[in-house]
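Survey of secondary and tertiary structure
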There are 4 protein chains.
Amino acid sequence: MYSKFLNVDPEKQERIINAASKEFAQKGYDNASTNEIVKEAGISKGLLFHYFKNKKGLYLFIFDYLQEMFREKIYENINWNEKDLFIRYREIGLLKFELIKSYPETVNFIKVAYLEDSNEVKSDLEQRQNILIATAYQKLFSDFDHSKFKENIDINKAIQIIFWSMEGFANQQQEKLKALSMDQVNPEETLVEMESYLDMLKEAFYK
Amino acid sequence: MYSKFLNVDPEKQERIINAASKEFAQKGYDNASTNEIVKEAGISKGLLFHYFKNKKGLYLFIFDYLQEMFREKIYENINWNEKDLFIRYREIGLLKFELIKSYPETVNFIKVAYLEDSNEVKSDLEQRQNILIATAYQKLFSDFDHSKFKENIDINKAIQIIFWSMEGFANQQQEKLKALSMDQVNPEETLVEMESYLDMLKEAFYK
Amino acid sequence: MYSKFLNVDPEKQERIINAASKEFAQKGYDNASTNEIVKEAGISKGLLFHYFKNKKGLYLFIFDYLQEMFREKIYENINWNEKDLFIRYREIGLLKFELIKSYPETVNFIKVAYLEDSNEVKSDLEQRQNILIATAYQKLFSDFDHSKFKENIDINKAIQIIFWSMEGFANQQQEKLKALSMDQVNPEETLVEMESYLDMLKEAFYK
Amino acid sequence: MYSKFLNVDPEKQERIINAASKEFAQKGYDNASTNEIVKEAGISKGLLFHYFKNKKGLYLFIFDYLQEMFREKIYENINWNEKDLFIRYREIGLLKFELIKSYPETVNFIKVAYLEDSNEVKSDLEQRQNILIATAYQKLFSDFDHSKFKENIDINKAIQIIFWSMEGFANQQQEKLKALSMDQVNPEETLVEMESYLDMLKEAFYK
DNA sequence: TATGAATGAGTCTTCATTCAT
DNA sequence: GATGAATGAAGACTCATTCAT
C-alpha cells in the first residue's frame, strides 16, 4: 500500500511525517493544506501524491503510523504482569509524560484525531478507534485484580470513576502546558499531584 | 457593535442565528460556508457582512448569543441556595438533559466551539472561555457546603474528582446518543445511572 | 437556471459565449481550459463559476444556446410549404453557407460537439441530439412529396442516398475551407457544384 | 527512428501496441494517460520514453503501425484486376466487416484518429492522411472501368456519390453497433442492405 | 537496457469579502 | 438598508517528462 513511501530515505520519511502530523494537528483534516506540508517537508507537490494517492491516504497513513509507534512504546513500557489498578495507572501516567516530552507534535496529532469530524475521514477513523479500543485499550484499562476492592461497591463503576479522573487530570495538565513552555513544567510536581489523586481514589475504593 | 443586527425584525434575526449556528456546528468555523448560511437564512450575501463585518464577527456573535442564552437558562433553573454538592449535580444533570432535548442544534454548537481549533478564532474563544470559567462556571461548581466532607481528605481534590466523573459520564452518554436517535434514549435510565455514580462518590467523600 | 448569466450586459455575454465556444471547438470538452476562456473573455475566474456552476454547465449552456440560435435561423429561412426534396436541399445548402460565413466559430462548435466523447458530457449530449433529431432534423429532411419519385424504387433509400451525398459534399467543402481563407472561396462556384450533384440525383430518382 | 522499440521481444512490442492503441482510442490523444499505458503494458514509465521519446512519438508510431497493418490486409484481400466499381465496393464492404470483427480496438483507433483534433498531433496526422489519400485510397476508390457508365453523366461525380453513400452507410451501421454488441449484429443482413443500396446506384449510373 | 522517484505547471472549483446600484 | 455581481488567491490533484541508479 504505502511501499513507495516506505522505501525512500528514512530522513525524508521523517521530514514528511513531521510536516504532515504538525499541519494536521494544528488545522484538522479539512483545513490542513497539502501545499503547506510539501513546503515544510521540502518536496514537490507531485511527490506527495505519488506516495499517498490523495490527502486522505496521507492522513490515514500518518494516523496508523503514529498509532503503531505509540502502541509499541506502550507494550514495551508497561509491566503486564502487574494487576494492581493503581500501580498500572502510575505506570501509564509516567509513560504518557515521557511521550509528551519526546514527541509533543505527534501526541497532539493523535489526540486531535479523536475529535476529527471531517466527513472525509470520519468513518475510517471511527473504525480504527473501535479496533484500538477493543484491543490495546481494553488490555490497558481492564484485567485488574478485583479482590482488593471493597466488597459492597460496583467495581466496574469504580474503575470508570478512576479512568475519568485520570483523563480529567491529564487534560488539566495539558491545558497548563499550552500556556507554559515544556521546560517550565516540573514533572516531579505533576507526578506527585497525580499520586495524591490516585491515593484518594484508592482510599475510597480499596479495602 | 452588533446594533445593526439587533435592530432588525426579530424573526429575521432568528432565521440568521439558526442558519449560522447549524452550519458552524456541523462543519466547524473554517469549513462553514457563508454562502450556505445566507441561502438557508434567505438573505443576501452583502447583508450578512453588513451586519457582522466578517465571518469571524458572525461566529463570535453567535457564540456570545447562545452562551448568554444558556447562562440565563442556568440561572433560572438552579437553586442557588442549595449548597449540597450532590444535590447541585443532580440539578445540573437534569437541566443538561432538558437543554439537549429542547435545543439540540445550539447545544451542539457550544459543545463544538470548545474544541474549535481554527487559528482565526482560537484566541478569541479561549479568552471567552476563561472569562466563563472564572464566573458562571465557578459559581456552578463551587461554593459548596464543605462541612459534610470527611475530615481527613483534601476537599478541593474530591470536588475535582466528582467534576471529572460527571464530565466523563456526560461524554459517555453523548457518545451513546450519536448512535441512537433522541427518541430511543430513556431519560429515566440515564438519570438513575448518574445517581448511582453520585452515590458512590458520596459514600467515598462524605462523612 | 442560467438567469444570472442572462441578466448581464449583452456585450459581456457575447464575449463569454465567443470565448467559450472557440475554446471548446478547438480543444474538445476535456482539454478546453476554463483559464483560457476567462482570459479571452476578460472576466475573473470566480465569475464564470458564479454564472455556470461548473465547466459542464458552461458547456451545455453554450451548446443549447447555439443550437437554439441555429434552429431559429433555420425556421425563419426555410420555406416549409415547399415539399419538393431538391428545392429543399438547395435552400438548406444556401442557408448552411450563409451560417458558416456569418458564424464560423459557432458552426464549428456544434459540428465538433457531435463527435464529443468525453464521459463527462456524453450522455447529456446524446440526449439533446436525440431530441433534436426527433424534431427539427426530422422535419427538415423528411415530409417530402413522394409522388415525384420513380415508381419502381425504394423511396426511403433514395432519400438516404441524397442525404449522404449532401453531407459528403458539405464535408468536402469544409475540408477545402480549412486550407483556404474564407475570402478565397467563391460561393457561386460551390453552389453551382452542389446543384450539379442534385441534378444528377434528381435525374436518377425522379420520374 | 523506432529501432530501439523494434528490437525488443515481439511479445512485449505487442503488449505495448495493444495497451497504447486501446488507451488512445478510448480517450483521444490529450486525455490518454501514459501512466495507464505503462500499467496495462506492464513496463516502466522510463522505458516507454526510452523507446518513443515522448507521447507524440508513441502516438504517431502506433498510427503508422496500424495503418500499415491495414494497408497490407487490404492489398492482400482486394482483387486488383477487377475494375468494376460495384464489385470492388462489395469487396471493400466485406473486408471492412471482417476487420472490425477481428481487430475492433485497432479499427477504432484508426477511425478516431481521423477526428483527432489535439493541436499537438493535428498537423502530423493531416500530413499522413494526405499521403494516404494520394496513394492507397486513390487506388482503392478509383481506376474503375468507365465504359459501363451511362454516357451523358459526369462519371467522376457519380463515383463521388457512390463513395459518399457507402461512407454514410458504414457510419450508420457503426452507430447501430454502438448500441448493440457485436454478437447481436447479423452480418448477412447488413451486407444485403448494402447491396440494395449498391443496386440502386448501379441502376442510376450504369448503362 | 530498465527503473520509478521526482518535478512543477496546469486542471477545475470554492471562498470570504467588496462595492456599485 | 439591501442586493448579488465580481474578485483572485488558495484548495486538491494530474500529467508528461527527466534522470540518477
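Residues numbered from 1 in each chain as written. Chains lettered and ligands numbered in written order. Predicted model: local features only at pLDDT ≥ 70, side-chain atom pairs only at ≥ 80, totals over all residues. Heavy atoms only, no water.

At the interface, 24 residues of chain B touch 27 residues of chain A. Summed over both sides, the interface of chain B with chain A buries roughly 2,200 Å², with 65% coming from carbon and sulfur. Scanning the region where chain B abuts chain A turns up 0 salt bridges. Summed over the shared surface of chain B and chain A, the result is 0 residue pairs in polar contact (both at pLDDT 80 or more). Mapped by element, the contributors of at least two residues to the side of chain B that touches chain A are helix 2 (10-31), helix 9 (155-179) and helix 10 (187-205) of chain B. For the side of chain B that touches chain A, the per-class residue count stands at 11 nonpolar, 8 polar and 5 charged. (Contact = heavy atoms within 4.5 Å. Buried area = accessible area lost by both parts, 1.4 Å probe. Salt bridge = Lys/Arg side-chain N within 4 Å of Asp/Glu carboxyl O. Polar contact = N/O pair within 3.5 Å; in protein donor to acceptor, adjacent residues only side chain to side chain. Helix = DSSP H or I, 4+ residues; strand = E, 2+ residues; numbered from the N terminus. Nonpolar A, V, L, I, M, F, W, Y, C, P; charged D, E, K, R; others polar.)

This part takes up the arrangement of the chains. Chain D makes no contact with chain A, the minimum C-alpha separation between the two being 12 Å. In this view chain B stays clear of chain D, with the nearest C-alpha atoms of the two still 33 Å from each other.

Further remarks concern the protein's contact with DNA strand F. With respect to spatial proximity, 31 residues lie near DNA strand F, and among them His 50 of chain B, Lys 12, His 50 and Tyr 51 of chain C together with Lys 45 of chain D are the closest. Near the protein, meaning within 4 Å, the atoms of DNA strand F are sugar or phosphate in a fraction of 63%, with bases accounting for the rest. Take Lys 45 of chain A: an N or O atom from its side chain is 3.2 Å from a base nitrogen of DNA strand F. A distance of 3.2 Å separates a phosphate oxygen of DNA strand F from a polar atom in the side chain of Ser 44 of chain B. Looking at the surface near DNA strand F, the elements with two or more residues in it are helix 3 (34-41) and helix 4 (45-52) of chain A, helix 4 (45-52) of chain B, helix 4 (45-52) of chain C together with helix 4 (45-52) of chain D. Among the elements that line the surface near DNA strand F, the one with the most residues is helix 4 of chain B, at 5 residues. (Near = heavy atom within 4 Å.)

We now examine helix 4 of chain A. Residues and elements named next belong to chain A. Taken together, the buried positions of helix 4 are occupied by Leu 48, Tyr 51 and Phe 52. The arc that holds every buried residue of helix 4, seen down its axis, measures 75 degrees, which confines them to one face. Each element contacted by the buried residues of helix 4 is listed here: helix 1 (3-6), helix 2 (10-31), helix 3 and helix 5 (55-77). Remark: Lys 53 follows helix 4 within two positions and exhibits a positive phi of approximately 70 degrees. (Buried < 20%, exposed > 50% of the residue type's maximum accessible area, 1.4 Å probe, protein only. Arc of directions from axis to C-beta.)

What follows deals with the side chain of Gln 173 of chain D. Residues and elements named next belong to chain D. Looking at the secondary structure, you find Gln 173 in helix 9 (residues 155-179). Assessed through its relative accessible area of 14%, Gln 173 is described here as buried. Discounting residues that sit within four places of it in the chain, Gln 173 has contacts with Thr 190 and Glu 193.

Along the chain, Arg 90 of chain A turns up in helix 6 (residues 85-102). Contacts of Arg 90 of chain A, omitting those with residues within four sequence positions, involve Met 194, Glu 195, Leu 198 and Asp 199 of chain A.

Turning next to a nonpolar patch on the surface. Taken together, the side chains of Tyr 114 and Leu 115 of chain A together with Tyr 114 and Leu 115 of chain B present a nonpolar region at the surface, about 370 Å² in accessible area. Its location among the elements puts Tyr 114 of chain A in the loop between helix 7 (104-113) and helix 8 (119-141). (Patch = residues over 30% accessible without salt bridge, like charges linked within 9 Å, V, L, I, M, F, W, Y side chains within 5 Å. Areas by Shrake-Rupley, 256 points an atom, 1.4 Å probe, with all protein chains shown as cover.)

So, on to the relation of the copies chain B and chain A. The two copies are related by a screw motion: chain B maps onto chain A through a turn of 177 degrees and a shift of 0.2 Å along the axis, at an RMSD of 0.6 Å. The transformation just described matches what one would write down for a two-fold rotation axis. The rotation axis passes nearest to the C-alpha of Ala 204 of chain B in chain B, at a distance of 2.5 Å. Taken as a fraction of all interface residues of chain B, those also at the interface in chain A reach 96%, which identifies the copy contact as same-surface. (Least-squares fit on C-alpha atoms with pLDDT ≥ 70 in both.)

What follows covers the packing of aromatic side chains. What describes a pair of aromatic rings is the distance from one ring centre to the other and the angle between the planes of the rings. The full count for this structure, using the stated rule, is 90 aromatic pairs over all chains. Between Phe 52 of chain B and Phe 61 of chain B, the aromatic rings sit 5.3 Å apart at their centres with planes inclined by 45 degrees, giving tilted as the arrangement. Phe 61 of chain B matches Phe 52 of chain B in its accessibility class, with the two residues each being buried. Measuring from centroid to centroid gives 6.3 Å for Phe 169 of chain C and Trp 164 of chain D, while their planes differ by 75 degrees, and the two rings are edge-to-face. Here the residue Phe 169 of chain C occupies a position in helix 9 (residues 155-179), and Trp 164 of chain D occupies one in helix 9, the pair thus bridging two chains. (Phe/Tyr/Trp six-rings, centres within 6.5 Å; stacked < 30°, edge-to-face > 60°.)

On to the relation of the copies chain D and chain C. Once chain D has been moved 0.1 Å along the axis and rotated by 177 degrees, it coincides with chain C to within an RMSD of 0.6 Å. The overlap is high: 100% of the interface residues of chain D also sit at the interface in chain C, so the same surface is used on both sides.

Bringing the protein's contact with DNA strand E into the picture now. Lys 12, His 50 and Tyr 51 of chain A, Lys 45 of chain C together with His 50 of chain D are the nearest of the 33 residues found near DNA strand E. In DNA strand E, atoms within 4 Å of the protein come from the sugar-phosphate backbone in 64% of cases. The side chain of Thr 34 of chain B places a nitrogen or oxygen atom 2.7 Å from a phosphate oxygen of DNA strand E. A distance of 2.9 Å separates a phosphate oxygen of DNA strand E from a polar atom in the backbone of Ala 32 of chain C. Among the elements of the structure, helix 4 of chain A, helix 3 (34-41) and helix 4 of chain B, helix 3 (34-41) and helix 4 of chain C together with helix 4 of chain D are those that each provide at least two residues to the surface near DNA strand E. Taken together, the residues of the surface near DNA strand E sort by class into 9 nonpolar, 14 polar and 10 charged.

Attention now moves to the pattern of salt bridges. By the definition in use, this model includes 52 salt bridges over all chains. Notably, a salt bridge pairs Lys 27 of chain C with Glu 23 of chain C, separated by 3.0 Å at the nearest N-O pair. Of this pair, Lys 27 of chain C and Glu 23 of chain C both sit in helix 2 (residues 10-31), 4 residues apart, roughly one helical turn. Here Lys 27 of chain C falls in the partly exposed class, since its relative accessible area comes to 27%. Between Glu 36 of chain D and Lys 39 of chain D there is a salt bridge, with the nearest N and O atoms lying 3.4 Å from each other. Of this pair, Glu 36 of chain D and Lys 39 of chain D both sit in helix 3 (residues 34-41), 3 residues apart, which is roughly one turn of that helix. Residue Glu 36 of chain D is classed as partly exposed on the basis of its relative accessible area, which comes to 33%. What you see here is one network of salt bridges that share partners, running through Arg 90, Glu 195 and Asp 199 of chain A.

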